[in-house]
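Now for the letters of each chain:
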Amino acid sequence: MKNHAVRARAILPLAAEGPARGLDALAAPLERVEDGVILARDGVIMEVTTYKAFQRRPNLASSTKLTDLGPVTLAPGLVNGHSHLELSHLKDKTLLGRGFVPWVRSLVRETRKDHQEEDRAEALAKAVKDLNAYGTAHVGDISSRIPALVAAAMHESNLGLTLFLELFGYEPLNPSALLCQAEERESCALAGHALYSTSAEAMVMAKRWSDAARKPFSIHLAEHPDEEEFLRTGQGPLGDFLRERILPPGWKAPGRRPVREAQRLGLLGPGTLAVHCVHCDAKDRALLAQSGSAVCLCPRSNAAIAVGEAPAAALAQSGVLLGLGTDSLASNSDLNIWEEVRFLLQKNILPPNALLRMATSNGAHALGRFGQAGTLASGARFCYSVLPDDLKEFFP
């Protein structure tokens, strides 16, 4: 098959990137190829070089279809570490700005309505199309309702997918059914919803299976203050909500903060992707870092629901592997990781180089997909994103 290449004014390949843990590693200078060319064959990158070097090889140049993208800067394809594509039809239909419990009550009300299958499918298709348009290479998606439809839509779009099949509730589970799905699809992994909504037994089972299968394990962790209060005391508005719908009789609070309880259960460690981590004190951050867990931050979703702001800089300084996610369209305006980067840049929380790594290479490492996403290195999947014009000034 004929070679294919793209030319750009500049390329940020992140080619030799290991997991960037610690603020210094996150903020380190980026390799930059001026007037560069990405050369690929059969969807795999052969090399990244300069246009002059490419021209000096006439045989290669004559056998390559070259697309000149003009005065743009290219980066690796984006990695959206956390989304809920199955909720795409709930855009603009939930209660935002009032905290977690009012939001989740509105979410439950909407999910119980008789939404037309055509509306769900249309919303899902649009969300996947938008992900492609943003320059997304890979998505870590949570699904408990329509995993097959999500997988089909993603594979049809040629987007990389880690599909987390989510365990929820305290009823007796049939884990073999979920595990069978996970084994059938290379893209599937397991997730527990949260420490307050999924039984400890199911969480432990899922983490142990994930470790044995060398797959990532995801959990919503320390997202909102109601979660912390409920796990410590069993009280508060979250407890009232859970007793209406989920908690079994006689359930007792573990009496620990979320991160401490996750560590006690053995849920932290390499391969664990803890999502949100908004309410983490210094000890929590140290436990996350020492365990080798990764954290996916969803800053715009946290702001929309009004659950607080994750200590991103402190997590980075602690040595936690940080990535970025959008969460769902039920708690965000879009699924564009560049918007998460803009949001954090405007707050001056982390330096630009750190945010680019979090949006690409770190996210890929957190999902165990570096090479399939997160880099423009030789041998990697040929998938790039275009740095938005308004962000070019941050990567001179």
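Quantities reported herein were computed from a predicted structural model and do not represent experimental measurements. (Residues numbered from 1 in each chain as written. Predicted model: local features only at pLDDT ≥ 70, side-chain atom pairs only at ≥ 80, totals over all residues. Heavy atoms only, no water.)

## Structural notes on the pairing of strand S8 (residues 160-167)
In the case of a regular strand, side chains alternate between the two sheet surfaces. Rule in force here: Three exposure classes are used, based on accessible area relative to the maximum for each residue type with a 1.4 Å probe and protein chains only: buried under 20%, partly exposed in between, and exposed over 50%. Only DSSP runs of H or I with at least four residues qualify as helices, and only runs of E with at least two residues qualify as strands; both kinds are numbered from the N terminus onward. Strands qualify as paired when DSSP identifies two bridges or more between them. Crossovers are marked right-handed if the path from the first strand over the helix to the second runs clockwise, as seen with the strands pointing away from the viewer.
Counting buried positions along S8 gives eight out of eight residues, so the element sits mostly inside the fold. Alignment of strand S7 (residues 136-143) against S8, held across six bridges, turns out to be parallel. Its bridge partner lying in S8, Val139 is registered against Leu161. You can see the chain leave S7, run along helix H6 (residues 147-156) and come back into S8, and the turn it takes is right-handed. As defined by bridge partners, S8 adjoins strand S9 (residues 188-192) across five bridges and the pair is classed as parallel. Paired with Leu167 across the two strands is Gly192, which belongs to S9.

## A few points about the pattern of salt bridges
The following threshold applies: The term salt bridge refers to a pairing of a side-chain nitrogen on Lys or Arg with a carboxyl oxygen on Asp or Glu at a separation within 4 Å.
Taken as a whole, this structure holds 26 salt bridges when the rule is applied. A salt bridge links Arg300 to Glu340; the shortest N-O distance between them is 2.8 Å. Within this pair, whereas Arg300 is found in helix H13 (residues 299-305), its partner Glu340 is found in helix H15 (residues 337-346), the two being separated by 40 residues in sequence. Grouping residues by exposure puts Arg300 and Glu340 together as buried. In the salt-bridge network here, residues are joined through shared partners; they are Glu228, Arg232, Arg257, Arg260, Asp281 and Asp284.

## Quick word on helix H10 (residues 237-245)
For the record, the criterion: This arc is taken over the directions from the axis of the helix to the C-beta atoms. Throughout, a contact is declared for two residues whenever any of their heavy atoms are within 4.5 Å.
Among the residues of H10, Leu238, Gly239, Phe241 and Leu242 are the ones counted as buried. Around the axis of H10, the buried residues are gathered within 160 degrees of arc, so they sit on the same side. Close packing links the buried residues of H10 with helix H4 (100-111) and helix H9 (225-233).

## Structural notes on the packing of aromatic side chains
Formally: Two rings from Phe, Tyr or Trp (for Trp, the six-membered ring) form a pair when their centres sit within 6.5 Å of each other. Planes less than 30 degrees apart are called stacked, planes more than 60 degrees apart edge-to-face, and all others tilted. A ring has a charge above it when a Lys NZ or an Arg CZ is no more than 6 Å from the ring centre and no more than 35 degrees off the ring normal.
Counted by the stated rule, this structure contains five aromatic pairs. Considering the side-chain rings of Phe100 and Tyr196, the 6.5 Å spacing of their centres and the 75 degrees angle between planes classify their relative orientation as edge-to-face. Here Phe100 is found in helix H4, whereas its partner Tyr196 is found in the loop between S9 and helix H8 (200-213), with 96 residues between them in sequence. Residue Phe100 is classed as buried on the basis of its relative accessible area of 5%. Both rings, one in Phe382 and one in Tyr384, keep their centres 5.8 Å apart while their planes meet at 50 degrees; by these two values the pair is tilted. Above the face of the Tyr51 ring, Arg7 is positioned so that its terminal group lies 3.5 Å from the ring centre.

## What to know about the packing of helix H5 (residues 117-134) against H6
Axis angle and axis distance: for two packed helices, these are the angle between their axes and the distance between the axes, and together they describe the pair. What counts is decided by this rule: Note on method: axes are straight lines fitted to C-alpha atoms, helices fitted across the in-contact stretch only, with angles between N-to-C directions ranging 0 to 180 degrees. An angle counts as roughly parallel when it lies under 35 degrees, as roughly antiparallel when it exceeds 145, as roughly perpendicular when it falls between 65 and 115, and as oblique in every other case. A clockwise turn of the near helix away from the far one marks a right-handed crossing, whereas an anticlockwise turn of less than a right angle marks a left-handed crossing. Under this grouping Gly is polar, as are all residues other than the nonpolar Ala, Val, Leu, Ile, Met, Phe, Trp, Tyr, Cys and Pro and the charged Asp, Glu, Lys and Arg.
Two elements in contact, H5 and H6, have axes whose closest approach is 10 Å; the angle formed by their N-to-C orientations is 40 degrees. In terms of their interaxial angle, H5 and H6 are classed as oblique. Of the two elements, H5 crosses H6, and the hand of that crossing is right-handed. Of the residues in H6, those touching H5 at Leu124, Val128 and Leu131 are Leu149, Val150, Ala153 and Met154. By residue class, the composition of the contact of H5 with H6 is seven nonpolar, no polar and no charged.

Interpretation in functional terms is not warranted from these geometric data alone.
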